[in-house]
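So the chains spell out like this:
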Amino acid sequence: MRRLVLVHGLGVSGRYFLPLVRELSDFECVVPDLRRHATLEAQAGVLREVVGSGASVVGNSMGCQVIAEPAVRGLVERAVFVGPTVDRRRRSYVRQAARLAVDAFREPPALVPIVARDYLSTGPVRVARMARSAMNDALEREVPRMACPLLVVRGERDPLCPAYWAEELAGLAQHGRAAVMPGAAHAAHFSHPRELAALVRAFIEEPP
């Protein structure tokens, strides 16, 4: 069975990936919990161990930033970014917090308690450290160094990942392209798991 690693975003656990995991039952889905580590560097170190000698990886939000480091090292076979952060033109805490607030009203109501519970269990101090690490990271500098194929998926209604940002990252990649998920916001894997699973499966299964 093919192995697929799913990397969660800032402060949340992998529980919000469950709808996508169910749709990808033909894969061996591995969902590590990286929340014990408050920096991108530390989370990427754990992810390197999980990926091992190579695997395809799907990340959401800050998880896309975590994926970049092992991808640059050549450990990732194929990468899927779902709603990658942080948009280099809006790299400020105030703007990112405002966009996150807008996104909360665009997601399915069932997602809100999951995220709130995860943020509480992660703790405000650790969440703040993760946010600082993400804000100081320039994903646009890492993507050009990734040799693996990259698919950047943006929810049509995602305020945290504007269209120009998704297209810019896809354009910077050596082998990249972008796709839009109609009707989805930031957490397309939760709101539109079947549609996203179809994109992921087709991307991973296409010939080299």
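Residues numbered from 1 in each chain as written. Predicted model: local features only at pLDDT ≥ 70, side-chain atom pairs only at ≥ 80, totals over all residues. Heavy atoms only, no water.

Asks: Sorry, what's going on with the overall build of the protein here?
Replies: When helices and strands are counted, the protein shows 10 helices and 6 strands. Relative to a compact globule of 208 residues, whose C-alpha radius of gyration would be 17 Å, the protein shows 15 Å and is just as compact. In terms of overall dimensions, the protein has a C-alpha envelope of 40 × 30 × 30 Å along the principal axes. By the burial criterion, 54% of the 208 residues in the protein qualify as buried. In the protein, 73% of the contacts between residues at least 6 apart in sequence involve partners at least 24 apart. When the 27 positive and 22 negative side-chain charges of the protein are each reduced to one mean point, those points stand 5 Å apart. (Helix = DSSP H or I, 4+ residues; strand = E, 2+ residues; numbered from the N terminus. Rg over C-alpha atoms; globule rule 2.2 N^0.38 Å. Buried < 20%, exposed > 50% of the residue type's maximum accessible area, 1.4 Å probe, protein only. Contact = heavy atoms within 4.5 Å. Lys, Arg positive; Asp, Glu negative; His and termini not counted. Charge placed at Lys NZ, Arg CZ, Asp CG, Glu CD.)

Asks: Explain the pattern of salt bridges to me, please; I cannot follow it from the model alone.
Replies: Note that side chains of opposite charge can pair when their charged atoms are close. Applying the stated criterion across every chain, the model contains 14 salt bridges. Here Asp-87 makes a salt bridge to Arg-99, at a shortest N to O gap of 3.3 Å. With a gap of 12 residues between them, Asp-87 in the loop between β4 (76-82) and α4 (93-104) and Arg-99 in helix α4 connect regions that are remote in the sequence. As far as burial versus exposure is concerned, Asp-87 and Arg-99 are alike and both buried. Salt bridges sharing common partners tie together Arg-2, Asp-26, Arg-201 and Glu-205. (Salt bridge = Lys/Arg side-chain N within 4 Å of Asp/Glu carboxyl O.)

Asks: Explanation requested: unusual backbone geometry in the structure shown.
Replies: Peptide bonds are trans in most cases, and residues, glycine excluded, mostly fall at negative phi. With omega at 0 degrees, the peptide bond leading from Thr-85 into Val-86 counts as cis. Tracing the chain through its elements places Val-86 in the loop between β4 and α4. Positive phi outside glycine occurs at Ser-61, with the angle close to 60 degrees. Tracing the backbone shows Ser-61 in the loop between β3 (55-60) and α3 (62-72).

Asks: Where do I start with the packing of aromatic side chains in this structure?
Replies: Between two aromatic rings, the relevant description is the distance of the centres plus the angle of the planes. A full pass over the atoms with the stated rule returns 1 aromatic pair. Over the ring of Phe-27 we find Arg-2, and its NZ or CZ is 4.1 Å from the ring centre. The aromatic ring of Tyr-164 is capped on one face by Arg-89, whose charged end is 4.2 Å from the ring centroid. (Phe/Tyr/Trp six-rings, centres within 6.5 Å; stacked < 30°, edge-to-face > 60°. Lys NZ or Arg CZ within 6 Å of the ring centre and 35° of its normal.)

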